[in-house]
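What the coordinates show
Each chain, letter by letter, is given below.
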Amino acid sequence: MPVLEISDLADPRLVDFAHATDVALKKARGTEHGLYLAESLLVFERALRAGHRPRSVLALGSTLDAALDLLGDADVPVFVGPGELLAELTGYVLHRGLIASMHRPALPDPDELLAGARRIVVLEDVADPTNVGAIFRSAGAIGADAILVTPRCSDPFYRRSIRVSMGTVLQVPWTRVGDWDDTRALLTRHGFHVAALALTPDAVSLRDVHGADHDRLALVLGAEGTGLTDAAIAASDTVVKIPMKHGIDSLNVAAASAVAMWALG
């Protein structure tokens, strides 16, 4: 594969890295499903292992050999240059030594995604990409089989989500779903008991809900601050809360997801 020394920041082949926003990458011309950026060798390796196709790679000298080893015989341009120049191009210092422009894969059909799943997470309108990435990391570590994402939820392929997740966004299967009528029908069709994490008067303690009682279980998590919508709570079979002390009523959604996934796993 060609290794190209960067000499002109206006080179059109560098457009994916030139201060490109996540939204612009998602709508990149000449792609089927858009692009995303994978930062660091670890994330790049996980992206390749997941079967995602690279379009180009930007590497500092110290990561070049490792990047070439990962790419093997793939015909993908690898751009190299001094850190100061790459920072000028991208708008930030490449602390992790590498950033790759990757083709977004097609999202799986929800029915196909849930066919073999037993423990899943549903993210309703979680707007902060940092929280989305942290939830994916917990899901990967603790063992969720899939994640469903509502239309107003932050995109898991956003750069910050991928970085915070340490690449687990590229490992844990996920897809988008529609409104709650369709999503509830989907979960019912696949035999899921739906447990919503919310502070309602009828919420039961997480200590009293046993994952072993349900062959298939869907944990529903809501937006930061506002929590789950009325539609999400109405679509659930059980409303669950995490018992707490010292007058504290809730945790950050990413922390709450880890606690609840571990307890219900």
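Look above for the structure.
Residues numbered from 1 in each chain as written. Predicted model: local features only at pLDDT ≥ 70, side-chain atom pairs only at ≥ 80, totals over all residues. Heavy atoms only, no water.

It is the contact of helix H2 (residues 41–49) with helix H3 (residues 61–71), at a shortest axis distance of 11 Å, that shows an interaxial angle of 5 degrees. One element, H2, and the other, H3, form an angle in the roughly parallel class. Seen from H2, the contacting residues are Leu41, Phe44, Glu45 and Leu48; seen from H3, they are Thr63, Ala66, Ala67, Leu70 and Leu71. Partitioning the contact of H2 with H3 into residue classes produces seven nonpolar, one polar and one charged. (Axes fitted to C-alpha atoms, helices over the stretch in contact; angles between N-to-C directions. Helix = DSSP H or I, 4+ residues; strand = E, 2+ residues; numbered from the N terminus. Parallel < 35°, antiparallel > 145°, perpendicular 65-115°, else oblique. Contact = heavy atoms within 4.5 Å. Nonpolar A, V, L, I, M, F, W, Y, C, P; charged D, E, K, R; others polar.)

A sheet is described by the order of its strands in space; here five strands give the open sequence E1-E4-E3-E5-E2, paired in mixed fashion. At either margin of the open sheet sits one strand with a lone partner, and together these are strand E1 (3–5) and strand E2 (35–39). Strand-to-strand twist in this sheet, taken as the mean axis angle between neighbours without regard to direction, amounts to 20 degrees. Where E2 meets strand E5 (residues 98–103), five bridges bridge the pair, whose relative direction is antiparallel. Within E5, the residue paired with Glu39 across the bridge is Ile99. (Pairing = 2+ DSSP bridges.)

The next point concerns the side chain of Ser56. Mapped onto the secondary structure, Ser56 falls in strand E3 (residues 54–59). For Ser56, a relative accessible area of 3% corresponds to the buried category. Every residue in contact with Ser56, bar those within four places of it in the chain, is listed here: Asp16, Phe17, Val76, Pro77, Phe79, Ala100 and Ser101. (Buried < 20%, exposed > 50% of the residue type's maximum accessible area, 1.4 Å probe, protein only.)

A word on the nonpolar core. Burial of nonpolar side chains together is a common tendency in soluble globular proteins. Membership of the largest hydrophobic core comes to 48 residues, with the highest contact counts inside it found for Leu123 and Ile147. Among the elements that make up this core, the one with the highest residue count is helix H10 (residues 253–264) (six residues). Not counting chain neighbours up to four residues away, the residues in contact with Ile147 comprise Leu113, Val121, Leu123, Phe136, Ala139, Val172, Pro173, Trp174 and Thr175. Formed by 22 residues, the second largest nonpolar core is a distinct cluster that contains Leu114, Leu187, Ala196 and Ala235. (Core = buried A, V, L, I, M, F, W, Y, C linked by side-chain atoms within 4.5 Å.)

Quick look at the sheet that holds strand E7 (residues 146–149) now. Spatially, the seven strands line up as an open sheet ordered E8-E7-E6-E11-E9-E12-E10, and their pairing is parallel. One side of each edge strand has no neighbouring strand; the edge strands of this open sheet are strand E8 (174–176) and strand E10 (204–205). Its contacts with the sheet put H10 on strand E6 (119–123), strand E9 (193–197) and strand E11 (217–221), and the angle it makes with E11 is roughly 165 degrees.

Take the environment of Thr168 next. By secondary structure assignment, the location of Thr168 is in the loop between helix H7 (159–164) and E8. The sequence separation of Thr168 and Ala263 amounts to 95 residues, and the corresponding C-alpha distance is 21 Å. Every residue in contact with Thr168, bar those within four places of it in the chain, is listed here: Arg46, Phe136 and Arg137.

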